[in-house]
Structures are given as C-alpha cells and as structure tokens.
Amino acid sequence: MSAAPATATAPAEPLLVAEHLMKRFPNGVQAVDDVSLTVHAGETVGIVGESGSGKSTTAKLVLRLLDADDGTIRFAGTDLRGLRGKALRDVRRSLQLVPQNPQTSFNPKLTIGDSIAFNLTVHGTRSKPAHARAVELLERVGVATGHAAKHPHELSGGQLQRCAIARALATEPSLVICDEAVSALDKSVQAQVLNLLAELQRETGVAFLFISHDLAVVEHVADRVVVMYLGEVVEEGDAAAIWRAPAHEYTRALLAATPERLLATRDAAAAAPTP
C-alpha cells in the first residue's frame, strides 16, 4: 500500500495585518497615507523614518489610540476597528506598548510595583498575585526587586525603560509596540535594552513592532524593515538586504547619516591615495 501524499502546511496568518491605513488631522496634515504592514508571531518588524514621517501615528492607529479614517486592522484574526468597550480592552491584553519616554509614562504618585500591577488588575487579576507578578517581572528584566517600592523619579532612565518593558510584558502579550523605546538612552544602555528585548523574544515568542528614527538600531533588531516618509511607505523588506542595498533614495539618505556609514566614509576618504 503506497504512502499517502504529504499535505502541504498552509502558512500561518500574520499576527497583525494593517492594510491601506489613512489618517488626516484636522489641520489638514495627511499623517498616514495608504500604509500597509504585517507582523508575524515571534517576528520583529521595524518602522523607521525621521520625525513627521508618520511612524508613531501608524502605531497609534494599530493600538486604537487613534481611529483611522480608512483601512483595516486585523489582530490575531480579529477586526480591531470594529471593537468597542470591553471587547477592545480584552484584546489590548495581548497588544501592549513600550513608550518613548518612561519618565512621563509612569504615574509619579504610584510606586513602580503598583504601576506594573495596575496593568494586570485592570484586566481582572487580583491585587496580591498582580503585585507578585510585578516583582517577578522586575527581576526578569534586570531591575532589583526592591525598586518595586520606589517611585519613578528615584530610578535612572535605563532602569525606568526596563520597568516599562516589564509593565508591557505583565499581561503576556503576543505583540509589543516599542515606540522610540531606546532613543532617549545612551549607547551603552541602548545595547543593554536591545539585548534584553531579543532575549525576551527568544524566551516568550513575543512579536515586536519596533519604531525608530535610527535605521542602524532597527537593522540590528529587526527581521524586516518598513521605511516611511511623509506618511507613506517608500521601502520595505529584509532588514539585512535593505542595509546592504537600499533601493529608495530616502532610505539611502537615512543610512548615510548613521554613525557607522559616516565613519566608513571618513575612513575610506582618509585611506584614498592623494592625487
């Protein structure tokens, strides 16, 4: 009896599918213009562009912090734009944010432990296990558990950003949006936080949508890159391939402005023979 033919496995549906997103502000600025992107489970997708390119607005549309004028957003097979009230809050348990500035994203009146625990209690976890989970997460992201009793102003920027990551991970999300999450940190702390995100992804399988104006940073953490300019996607693809051979002139300009490329250009000029 012959063996049955192997059945091809259909590719998994992306975790996040945003298509043809549009957002115009009352002042007439077209902040997002026909933007589409996908993120698969366990993947890191970078969105890069200078200030005003529309990348943060795109993130707010995905998070439903802003409502899109047009387009579709599907997360884990659910139409996000159609959700309201409790249904939207339930989905947000799996869709979390690490903001750019942790100094302003934490309530100054709450301790760090209370802030992290709140992200659980608002979703129905009782206070005692929520606080135990907060302490566990602080240890996991490399912050001394005693800092759970401290207020935000008592911690450094790097410590606060680790706390913001712990808060985002509290609900065991499947996708975390990092909006300029390392831009305010010095280079050594940036590297520590980026390594932490990579380690957490390996352990938990969480996906990241990583937003930055720094293409060099994104290239080191992202599997794929979406380049935005004036509200539009001008280039997207494999991060290493774009770093090697950018197709769009705007991407080339972003890369040329990175410290690595500037140093390479300077060194090449210094090594060139004098005519």
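In this report, we go over the structure that sits alongside the text. Throughout this document, residue positions are counted from 1 along each chain, in the order its sequence is written. Side-chain atom pairs in this predicted model are given and counted only at pLDDT of 80 or more, local residue features only at pLDDT of at least 70, and totals for whole chains, interfaces and linings cover all residues. Excluding hydrogens and water, the side-chain figures rest on all heavy atoms present in the structure.

## Considerations on the pattern of salt bridges
(1) Moving on: We count a salt bridge whenever a side-chain nitrogen from Lys or Arg sits within 4 Å of a carboxyl oxygen from Asp or Glu. A complete count under the given rule lists 10 salt bridges for this structure.
(2) Moving on: Here Asp69 ties to Lys23 by a salt bridge, and the two come within 3.8 Å at their closest N and O atoms. Placement of the pair is Asp69 in the loop between helix 1 (55-62) and strand 4 (70-75) and Lys23 in strand 1 (residues 16-24), with a sequence separation of 46 residues.
(3) Moving on: Under the scheme applied here, a residue whose accessible area is under 20% of the maximum for its type counts as buried, over 50% as exposed, and between as partly exposed, the area being computed with a 1.4 Å probe on protein chains only. Of the residues examined, Lys23 reaches a relative accessible area of 12% and is grouped as buried. Only runs of H or I of at least four residues qualify as helices and only runs of E of at least two qualify as strands under DSSP, and these elements are numbered from the N terminus.

## Details of helix 1
(1) Moving on: Most of helix 1 sits out of view: 6 of its 8 residues are buried.
(2) Moving on: Among the residues making up helix 1, those that are buried are Lys55, Thr57, Thr58, Ala59, Leu61 and Val62.
(3) Moving on: The first or second residue beyond helix 1 is Arg64, which carries a positive phi of 65°.

## Description of helix 4 (residues 112-121)
Since the α-helix packs 3.6 residues into each turn, any two residues three or four apart lie on the same face.
(1) Moving on: The element helix 4 is largely enclosed, with a buried count of 7 among its 10 residues.
(2) Moving on: Within helix 4, the full set of buried residues consists of Ile112, Gly113, Ser115, Ile116, Ala117, Asn119 and Leu120.
(3) Moving on: In this fold, the buried residues of helix 4 make contact with strand 6 (95-98), helix 5 (127-140) and helix 6 (157-169). Contacts: residue pairs with any heavy atoms within 4.5 Å of one another.

## Structural notes on the sheet that holds strand 8 (residues 207-212)
(1) Moving on: The strand order 6-7-8-3-9-10 describes an open sheet built from 6 strands, whose pairing is mixed. One side of each edge strand has no neighbouring strand; the edge strands of this open sheet are strand 6 and strand 10 (232-238). This sheet shows a mean twist of 15° between the axes of neighbouring strands, independent of strand direction.
(2) Moving on: Any two strands are treated as partners once DSSP identifies two or more bridges connecting them. Here strand 9 (residues 224-229) pairs with strand 10 via 6 bridges, running antiparallel. Residue pairing for strand 10: Val226 is matched across the bridge by Glu236.
(3) Moving on: In this analysis, axes come from line fits to C-alpha atoms, helices being fitted only over the stretch in contact, and the angle between any two N-to-C directions falls in the range 0 to 180 degrees. Relative to strand 6, helix 6 is tilted by about 175°, and along the sheet it contacts strand 6 and strand 7 (175-179).

## Examining the packing of helix 5 against helix 6
(1) Moving on: Relative orientation of the contacting elements helix 5 and helix 6 amounts to 130°, with a least axis distance of 9 Å. Taken together, the axis directions place helix 5 and helix 6 in an arrangement best described as oblique. Classified by chirality, the crossing of helix 6 by helix 5 is right-handed. Of the residues in helix 6, those in contact with Arg133, Leu137 and Leu138 of helix 5 are Cys163, Ala166 and Leu169.
(2) Moving on: For this scheme, ten residues count as nonpolar: Ala, Val, Leu, Ile, Met, Phe, Trp, Tyr, Cys and Pro. Four count as charged, namely Asp, Glu, Lys and Arg, and the remainder, Gly too, count as polar. Grouping the amino acids of the contact of helix 5 with helix 6 by side-chain chemistry returns 5 nonpolar, no polar and 1 charged. Relative orientations are named as follows: roughly parallel for angles under 35 degrees, roughly antiparallel for angles over 145 degrees, roughly perpendicular for angles from 65 to 115 degrees, and oblique for any other angle. Left-handed describes a crossing whose near helix is turned anticlockwise from the far helix through less than a right angle; right-handed describes the clockwise counterpart.

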